[in-house]
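Letter by letter, the chains look like this.
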Amino acid sequence: RKEVEQDPGPFNVPEGATVAFNCTYSNSASQSFFWYRQDCRKEPKLLMSVYSSGNEDGRFTAQLNRASQYISLLIRDSKLSDSATYLCVVNRGNKLVFGAGTILRVKS
Amino acid sequence: EAGVAQSPRYKIIEKRQSVAFWCNPISGHATLYWYQQILGQGPKLLIQFQNNGVVDDSQLPKDRFSAERLKGVDSTLKIQPAKLEDSAVYLCASSVPGLAGETQYFGPGTRLLVL
C-alpha cells in the first residue's frame, strides 16, 4: 500500500464547477500536510498548507481529518488555468512524501 | 529572488553511460533535496542534505547513484551506469522553515531519457 494515495483522475469539469479531491495517508506519524500543484512538464509548486482546523485561500479550501488520516482539497468556480496535477503531500520527520497526483482538466 | 537552478534541462544517453546533474539552491537555503519523478508518479526523495551533510539517503540506489554538496551550496547528482528505468525527471529542491514545516521550492528539473 502506498503511503499517500490519491484518485489519479482525470477529473474533467466545466468552467465554474466545484471539484473536490481526496487523499489518504497511512503513517499516523505524519506531522504536516500540503497540496502542491504541478503544471504539465513543470516543477511542483506549493499551493497551500493544510491545517487541522481547515483553511481557505480564495477559491481553494483544504481540510484535514487526522482521525481518518484523510486530506481534501475543494476548488470552487473552476478556471481554465486550474488545469494541472494536484499532489497531496505529507511531511514525516522533515521528509516530504508525495502522492501520485490527481489530474484536473477544466474545459470551456 | 532567484529560484532553484538546474542544468542541463534535458539529457539523452544510452544505457550503461554516465550522467551528472547540477543544482544551485535558493541563496540561504540550508537544506537541499534531490527527487526522482517517473512519468505518472509523484516525486520520490533520493537524498536530502543539510548544509554539506547527508540527512537521508535511504532511497538512493547507492550502487549506481551518488550525490555530493561539498561546500554546502550547490550539488551534483551522478548516475553511473545508467539503466533504462532511470528515465525520469530529476528535481532539485531547497527549503526554508515555515509554519507547517519545511516549505520546499523546486527547480525546473532535468529530464533524462536512457535509451
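Look a little higher up for the structure.
Residues numbered from 1 in each chain as written. Chains lettered and ligands numbered in written order. Predicted model: local features only at pLDDT ≥ 70, side-chain atom pairs only at ≥ 80, totals over all residues. Heavy atoms only, no water.

Caption draft 1: Structural context of the nonpolar core. Core analysis: the largest hydrophobic core is formed by 24 residues, its most contacted members being Phe21(A), Trp35(A), Ile71(A), Leu73(A), Ile75(A), Tyr86(A) and Leu104(A). Broken down by secondary-structure element, the contributors of at least two residues to this core are strand E3 (19–25), strand E4 (32–38), strand E5 (44–50), strand E7 (60–65), strand E8 (70–75), strand E9 (84–92) and strand E11 (102–107) of chain A. Excluding residues within four positions of it along the chain, Leu73(A) makes contact with Val19(A), Ala20(A), Phe21(A), Trp35(A), Leu47(A), Met48(A), Phe60(A), Thr61(A) and Tyr86(A). Judged by nonpolar contacts, the second largest core, of 21 residues, contains Val19(B), Leu46(B), Leu60(B) and Ala88(B). (Core = buried A, V, L, I, M, F, W, Y, C linked by side-chain atoms within 4.5 Å. Buried < 20%, exposed > 50% of the residue type's maximum accessible area, 1.4 Å probe, protein only. Helix = DSSP H or I, 4+ residues; strand = E, 2+ residues; numbered from the N terminus. Contact = heavy atoms within 4.5 Å.)

Caption draft 2: Broad picture of the interface of chain B and chain A. At the junction of the two partners, chain B supplies 24 residues and chain A supplies 18 residues. Carbon and sulfur atoms supply 51% of the area buried between chain B and chain A, which totals about 1600 Å² over both sides. Taken together, the connections running from chain B to chain A amount to zero salt bridges. Put simply, chain B and chain A have two residue pairs in polar contact (both at pLDDT 80 or more) between them. Elements with a minimum of two residues in the side of chain B that touches chain A: strand E4 (31–37), strand E5 (44–50) and strand E10 (101–106) of chain B. The biggest single contributor to the side of chain B that touches chain A is E10(B), with five residues. Among the residues forming the side of chain B that touches chain A, the class breakdown is ten nonpolar, eleven polar and three charged. (Buried area = accessible area lost by both parts, 1.4 Å probe. Salt bridge = Lys/Arg side-chain N within 4 Å of Asp/Glu carboxyl O. Polar contact = N/O pair within 3.5 Å; in protein donor to acceptor, adjacent residues only side chain to side chain. Nonpolar A, V, L, I, M, F, W, Y, C, P; charged D, E, K, R; others polar.)

Caption draft 3: The arrangement of the side chain of Glu43(A) in detail. Note that Glu43(A) resides in the loop between E4 and E5. The buried charged residue Glu43(A) lacks any salt bridge partner; its closest oppositely charged side chain belongs to Lys45(A), at an N-O distance of 4.3 Å. (Lys, Arg positive; Asp, Glu negative; His and termini not counted.)

Caption draft 4: The arrangement of the state of the cysteines in detail. Enumeration over the complete set of coordinates arrives at two disulfides over all chains. Note on cysteine connectivity: Cys23(A) is disulfide-linked to Cys88(A), with sulfurs 2.0 Å apart. On the sign convention where negative means left-handed, the S-S torsion of about -75° between Cys23(A) and Cys88(A) marks this disulfide as left-handed. Residue Cys23(A) is found in strand E3, and its partner Cys88(A) is found in strand E9; the two are separated by 65 residues along the sequence. Relative accessible area serves as the criterion here: at 1%, Cys23(A) is assigned to the buried category. Classification of Cys88(A) as buried rests on a relative accessible area of 0%. The disulfide bridge from Cys23(B) ends at Cys92(B), spanning 1.9 Å between sulfur atoms. (Disulfide = S-S within 2.5 Å.)

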